[in-house]
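# Chains, contacts and geometry: an overview
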Amino acid sequence: MAGLSIRHLRVALFRSYRAVRLDLTPGPVAIYGPNGAGKTNILEAVSLLSPGRGIRRASAEDMARRPDPQGWKIHSEIESLGHVHEVTTWSEAGNARQVTIDEKTAPQLALGRLCRVVWLIPAMDRLWIEGAEGRRRFLDRMVLSFDPAHGEAVLSYEKAMRERNRLLKDMVRDASWYRVLERQMADSAAKIHSGREETLMRIAAAQDGAATQFPAADLTLTAPEPACDDPTNPEAMLEQFERGRAGDLRAGRTLTGPHRADLDAVYAAKGIAAKDCSTGEQKALLLSLMLSNARALAEDFGAPPLLLLDEVAAHLDAGRRAALYDEIIALKAQAWMTGTGPELFAELEGRSQMLEVTEGAEGSAVRQV
């Protein structure tokens, strides 16, 4: 199987880095250093090789190194499916980020044709016990890893819904004002729901029979009542929006649609809802889903994705940590992992690159160990 990896990465004026160059091999990359040294900033730079706003969902302006006002740049050489590409993404003076692929201007969506990126960050550790918005975002990131166009459907839906909500708040009752918006919402909603359902089926298939020490999760997409009978059908969704207009007028917002969906998860072997599992079990379920996502992508895309695992050792004992590393090696994925000390990656000795991050007067620095 052809692989996917970053061979060279250059970062300039990005977050805590004035300048850094990394020369890399296809295997795992273990990054260690004290809290606040700049480890996660490297992962954020790599996450910008996929469409969207990266692991922190930050604005381009917020990614700039302070107090440098001119902007930032990330240049990478990527080996993808047997071909080598140069990808540059940058922002000037806080403006929207731009992308070039092989020195040609490209939309962010084009990044998905070269590179797939999957990540877990500490903020996701509370995924199962906090609000539905985070779970929708988690699911949509999985969908996006298979279908980079999914993001466009989500943006189109949200834009039309905001305009419809404005009409609802203004108590506009003329149906003609709603028809075009509801058609746009219905078409996008059907695509969103289809993508989500297909992704859940792919994840379930990747979990079945997988040689893993991590627990499988039964995932279900739910929606508040009244739910649409066939949310993958644009005409059924259009009828739902039209039928719900009176109630939406009273509420001043759209009460049904993919923006109200939730992702339920059950620890399959124990039959326990993820929200009721221990902290360690919840972390293990997240890692299981990440690994299943990667296995499914290896078949769908033709190579495992880049894996970004921030503070991955948190809540993992030594045995489960070793099991995770073994599965990453078996996947042949370039996994970028952070931790506070090299001892957290002892089980990877001789099987990964080691980078030490320190913080000095000039900002963060990286030393290849």
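In this text, all values refer to a predicted model and were calculated from it rather than measured experimentally.

Moving on: helix α4 (residues 150–169). One full turn of an α-helix is made of 3.6 residues, so residues set three or four places apart face in the same direction. Taking 1.5 Å as the rise per residue, α4 with 20 residues should run 28 Å; its terminal C-alpha atoms sit 28 Å apart, in good agreement. Where α4 is concerned, the buried positions are His150, Ala153, Val154, Tyr157, Ala160, Met161, Arg164, Asn165, Leu167 and Leu168. Projected onto a plane normal to the axis of α4, the buried residues spread over an arc of 150 degrees and lie on a single side. Of the residues in α4, the exposed ones pointing more than 90 degrees away from the buried face are Leu155 and Lys169. Those residues of α4 that are buried are in contact with α3 (132–146), α5 (176–207), α6 (234–243) and α7 (245–251). Met171 occupies a position one or two residues after α4 and carries a positive phi of about 60 degrees.

Bringing the packing of α5 against α6 into the picture now. Their axes nearest at 8 Å, the elements α5 and α6 cross at an angle of 130 degrees. Classified by the angle their axes make, α5 and α6 are oblique. Crossing of α5 against α6: the hand is right-handed. Contacts between α5 and α6 involve Glu182, Arg183, Met185, Ala186, Asp187, Ala189 and Ala190 from the former and Pro234, Glu235, Met237, Leu238, Phe241 and Glu242 from the latter. Tallied by class, residues from the contact of α5 with α6 come to 8 nonpolar, no polar and 5 charged.

Sheets are built from strands paired through backbone hydrogen bonds, the pairs being either parallel or antiparallel. Read across the open sheet, the 3 strands follow the order β9-β10-β11; overall the sheet is antiparallel. Sheet topology places β9 (217–222) and β11 (272–273) at the edges, where each strand pairs with a single neighbour. Strand direction decides the pairing type here: β9 and strand β10 (residues 262–267), joined by 6 bridges, are antiparallel. Counted as the bridge partner of Leu221 is Leu263 from β10. Across the sheet, α3 is in contact with β9 and β10; its angle to β10 comes to roughly 85 degrees.

Volume-wise, the largest pocket comes out at about 1200 Å³. Along the wall of the largest pocket there are 38 residues; nearest its centre are Arg57, Arg137, Asp140, Arg141 and Val154. Mapped onto the lining of the largest pocket, the elements with two or more residues apiece are α3, α4 and α5. A per-element tally of the lining of the largest pocket places α3 first, with 9 residues. Per-class residue counts for the lining of the largest pocket are 16 nonpolar, 8 polar and 14 charged. A volume near 230 Å³ is recorded for the second largest pocket. Lining of the second largest pocket is provided by 18 residues; of these, His193, Ala223, Cys228, Pro231 and Gly257 occupy positions nearest its centre. At the level of secondary structure, the elements contributing two or more residues to the lining of the second largest pocket comprise α5, β9 and α6. The element that contributes the greatest number of residues to the lining of the second largest pocket is α5, accounting for 4 residues. Class assignment of the residues belonging to the lining of the second largest pocket gives a composition of 11 nonpolar, 5 polar and 2 charged.

Parameters and conventions
- Residues numbered from 1 in each chain as written.
- Predicted model: local features only at pLDDT ≥ 70, side-chain atom pairs only at ≥ 80, totals over all residues.
- Heavy atoms only, no water.
- Helix = DSSP H or I, 4+ residues; strand = E, 2+ residues; numbered from the N terminus.
- Expected span 1.5 Å × (residues − 1).
- Buried < 20%, exposed > 50% of the residue type's maximum accessible area, 1.4 Å probe, protein only.
- Arc of directions from axis to C-beta.
- Contact = heavy atoms within 4.5 Å.
- Axes fitted to C-alpha atoms, helices over the stretch in contact; angles between N-to-C directions.
- Parallel < 35°, antiparallel > 145°, perpendicular 65-115°, else oblique.
- Left-handed = near helix turned anticlockwise from the far one by under 90°.
- Nonpolar A, V, L, I, M, F, W, Y, C, P; charged D, E, K, R; others polar.
- Pairing = 2+ DSSP bridges.
- 1 Å grid on protein atoms, 1.4 Å probe; cavity = no way out; pocket = protein on both sides within 12 Å on 5 of 7 lines; lining within 4 Å.
- Points joined across faces, edges and corners; volume = space filled by probe spheres on them.

No statement about biological role is implied by the geometric values presented.
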